Amino acid sequence: MKETDIRQYAELMKELGLTGLEITEENSKVRLERSVPAAKETVYAVPETVDAMLPPPERKDYISVKSPIVGVFYAAPAENAAPYVSIGDSVTKGQILCIVEAMKLLNEILAEEDGVISEVCVANGQIVEYGTELFRIRR
């Protein structure tokens, strides 16, 4: 095998992102291998104190209502119906805030405390994950 052929194969490996190539021609066999360039080094900031590693304390002026399941968020009981709650509405403990549909089951999400809806964090029909913040209720 000629050197120019080997160089062409090496160039082809680089172009295709291959790390190895074995070529057999008549009575000769050539194996080409190349190392992948190392990823750029990432520098991480290390907190100086243990307090810096802790998550920030939750604000106490509102209650965060989070989705207990993965599903589709619905603000109203039906497509053309008014939403269960809107920003500025007062809610009481146990009141229905929305529905999260999971596997054809409609799961009512209830208010855990009394308060006023200060923010609706997701859009109607949006897919939500476990722990997605749905509402903020001001105490």
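Just so it is clear, the model here is predicted, and its values are computed rather than measured.

**Regarding the environment of Gly20**
And then number 1: Tracing the backbone shows Gly20 in strand β1 (residues 20–25).
And then number 2: Residues Gly20 and Glu33 lie 13 residues apart in sequence; the distance between their C-alpha atoms is 4.3 Å.
And then number 3: The residues contacting Gly20, other than those within four sequence positions of it, are Met13, Arg31, Leu32 and Glu33.

**Considerations on the side chain of Ser67**
And then number 1: Looking at the element boundaries, Ser67 is found in the loop between β3 (62–66) and β4 (71–74).
And then number 2: We classify Ser67 as buried; its relative accessible area is 2%.
And then number 3: Residues within four places of Ser67 in sequence aside, it is in contact with Val100, Val128, Glu129, Tyr130, Gly131, Thr132 and Leu134.

**Some points on the side chain of Glu133**
And then number 1: When you line up the elements, Glu133 lands in strand β10 (residues 133–138).
And then number 2: A polar contact is formed between the side chain of Glu133 and the side chain of Ser64, at a distance of 2.6 Å.
And then number 3: Among the polar contacts made by the side chain of Glu133, one reaches the side chain of Arg136 at a distance of 3.0 Å.
And then number 4: Setting aside residues up to four positions removed in sequence, Glu133 forms contacts with Tyr62, Ser64, Val65, Lys66, Cys121 and Val122.

**Observations concerning the nonpolar core**
And then number 1: With 17 residues, the main nonpolar core has Phe73, Val91, Leu97, Ile117, Leu134, Phe135 and Ile137 as its most contacted residues.
And then number 2: In contact with Leu97, not counting residues within four places along its chain, are Val65, Ala75, Tyr84, Val85, Val91, Ile109, Leu110, Ala111, Ile117, Phe135 and Ile137.

**Some points on helix α1 (residues 3–16)**
And then number 1: Taking 1.5 Å per residue as the helical rise, α1 with its 14 residues ought to reach 20 Å, and the 20 Å between its terminal C-alpha atoms agrees with that figure.
And then number 2: Across the 14 residues of α1, one count as buried, placing the element largely on the outside.

**Description of the sheet that holds β4**
And then number 1: The strand order across the open sheet built from four strands is β7-β6-β4-β9, with neighbouring strands paired in antiparallel fashion. This sheet does not close on itself; its edge strands, each paired only once, are β7 (105–110) and β9 (127–128).
And then number 2: The pairing of strand β6 (residues 96–102) with β7 spans six bridges and is antiparallel. Each bridged residue has a counterpart across the sheet, and for Ala102 the counterpart in β7 is Leu105.

So, how was this worked out
Residues numbered from 1 in each chain as written. Predicted model: local features only at pLDDT ≥ 70, side-chain atom pairs only at ≥ 80, totals over all residues. Heavy atoms only, no water. Helix = DSSP H or I, 4+ residues; strand = E, 2+ residues; numbered from the N terminus. Contact = heavy atoms within 4.5 Å. Buried < 20%, exposed > 50% of the residue type's maximum accessible area, 1.4 Å probe, protein only. Polar contact = N/O pair within 3.5 Å; in protein donor to acceptor, adjacent residues only side chain to side chain. Core = buried A, V, L, I, M, F, W, Y, C linked by side-chain atoms within 4.5 Å. Expected span 1.5 Å × (residues − 1). Pairing = 2+ DSSP bridges.

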